[in-house]
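Understanding the architecture of this molecule
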Amino acid sequence: MEIIEIKDLTLQRNNRELFTGLSATIAKGSISAIIGPNGCGKSSLLLAITGDLKPISGSIFIAEKNLQELSDLEQSHLRSLALQERTFWLPMTVREVLALGQSDEAMNQIEKIAADLGLTELLGNLVTTLSVGQVQRVEIARTLLRDCPIYLFDEPFAAQDLASKEKLIEIFKQQRSAGKTVILVAHSEVEKLSWCDQIIQLGS
């Protein structure tokens, strides 16, 4: 059963056309990887799926609803996005950042998700003192704390070592097993993404 349908999508950013006429379907409870050369529109496609980037033409349907016809609140209930680069300026601890805007149910999951992502020992540390890879995992943890049917990750492996990458892959598989839909941007070769259900190739 498909949860996302992309129909004849054309995206443009900074007055430059990224791609035109893209069509794809993404099944519920699957992992899809978006790949392609730099500048081909991988991250922009994620933003279009979240409703944050309006297409020049074409449509995106989530659960058979046209994304452009949904309110921001309705869209936020459907998906959660982890950006590739997140900068934290305020001297807050990792625990405080993870707790921001979360529901009571999500608050009860902080310890587990922190453990899954190797953040337990950092919960009391200021986010302003973390490495790029650690900040990226905090962003991923914030995304996973939200109970949404769709999770999107912009280059989640970019600043991670091999052990962290393997942990992330296991987490993505667990989300798939729980019926969640995972979409990620990757720079890996196709043969290294055999754990994904679908590859969406841009710029080919």
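The sections below set out a description of the structure shown in this document.

Reading the values: the criteria
Residues numbered from 1 in each chain as written. Predicted model: local features only at pLDDT ≥ 70, side-chain atom pairs only at ≥ 80, totals over all residues. Heavy atoms only, no water. Helix = DSSP H or I, 4+ residues; strand = E, 2+ residues; numbered from the N terminus. Rg over C-alpha atoms; globule rule 2.2 N^0.38 Å. Buried < 20%, exposed > 50% of the residue type's maximum accessible area, 1.4 Å probe, protein only. Contact = heavy atoms within 4.5 Å. Areas by Shrake-Rupley, 256 points an atom, 1.4 Å probe, with all protein chains shown as cover. Lys, Arg positive; Asp, Glu negative; His and termini not counted. Charge placed at Lys NZ, Arg CZ, Asp CG, Glu CD. Pairing = 2+ DSSP bridges. Core = buried A, V, L, I, M, F, W, Y, C linked by side-chain atoms within 4.5 Å. Axes fitted to C-alpha atoms, helices over the stretch in contact; angles between N-to-C directions. Expected span 1.5 Å × (residues − 1). Arc of directions from axis to C-beta. Right-handed = clockwise from strand over helix to strand, strands pointing away.

**Describing the overall build of the protein chain**
When you go through the protein chain residue by residue, the secondary structure sums to 7 helices and 9 strands. Its C-alpha radius of gyration of 17 Å places the protein chain within 12% of the 17 Å reference for a compact globule of 204 residues. In terms of its C-alpha atoms, the protein chain occupies a principal-axis envelope of roughly 45 × 35 × 35 Å. In the protein chain, which comprises 204 residues, the proportion classed as buried is 48%. For the protein chain, the proportion of contacts with a sequence separation of at least 24, taken over those separated by at least 6, is 69%. With an accessible surface of roughly 10,500 Å², the protein chain has 47% of that area assigned to carbon and sulfur atoms. The positive charge centre, built from 20 side chains, and the negative charge centre, built from 26, are 1 Å apart in the protein chain.

**Digging into the sheet that holds strand 1 (residues 2–13)**
Read from one edge of the open sheet, 4 strands run 2-1-4-5, paired in antiparallel fashion. In this open sheet, the two edge strands, each paired with only one partner strand, are strand 2 (16–27) and strand 5 (65–66). Here strand 4 (residues 57–62) pairs with strand 5 via 2 bridges, running antiparallel. From the neighbouring strand, Ile62 faces strand 5, where its bridge partner is Lys65.

**Side note on the nonpolar core**
Among the nonpolar cores identified, the biggest contains 39 residues, and Phe153, Phe172, Leu184 and Trp195 are the most heavily contacted of them. Counting only elements with at least two residues in this core, the list comes to strand 3 (31–35), helix 3 (94–99), helix 5 (110–116), helix 6 (132–145), strand 7 (150–153), helix 7 (162–177) and strand 8 (181–185). Counting residues per element, this core draws most heavily on helix 6, which supplies 6 residues. With sequence-adjacent residues up to four places away left out, Leu184 is seen in contact with Ile31, Ser32, Ala33, Ile34, Phe153, Pro156, Phe157, Phe172 and Trp195. Core analysis: the next-biggest nonpolar cluster, separate from the first, contains 30 residues, Leu45, Ile49, Leu53 and Ile150 among them.

**Regarding the sheet that holds strand 7**
With parallel pairing, the 5 strands of this open sheet are ordered in space as 6-7-8-3-9. Looking along the sheet, the strands with just one partner apiece sit at the ends: strand 6 (79–82) and strand 9 (198–201). Each adjacent strand pair in this sheet contributes to an overall mean axis angle of 15 degrees, direction not counted. As paired strands, strand 3 and strand 9 are joined by 4 bridges and run parallel to one another. Residue pairing across strands places Ile34 opposite Ile200, the latter belonging to strand 9. Strand contacts of helix 1 (residues 42–50): strand 3, strand 6, strand 7 and strand 8, with the helix running at about 150 degrees to strand 8, the strand carrying the most contacts.

**Quick look at helix 7**
When the terminal C-alpha atoms of helix 7 are compared, their 23 Å separation across 16 residues agrees well with the 22 Å that a helix rising 1.5 Å per residue should span. What helix 7 keeps buried is the set Ser164, Leu168, Ile169, Ile171, Phe172 and Gln175. Take helix 7 and look down its axis: the buried residues cluster within an arc of 160 degrees, on one side only. Residues of helix 7 that are exposed and point more than 90 degrees away from the buried face comprise Leu162 and Ser177. In this structure, the buried side of helix 7 is in contact with strand 3, helix 5, helix 6, strand 7 and strand 8.

**Overview of the pairing of strand 7**
Residues Ile150 and Leu152 line one face of strand 7 and the alternating positions Tyr151 and Phe153 line the opposite face, and both faces are buried. Examined bridge by bridge, strand 6 and strand 7 share 4 bridges and lie parallel to one another. Across the sheet, residue Ala82 finds its bridge partner in strand 7, namely Phe153. Handedness of the β-α-β unit built from strand 7, helix 7 and strand 8 comes out right-handed.

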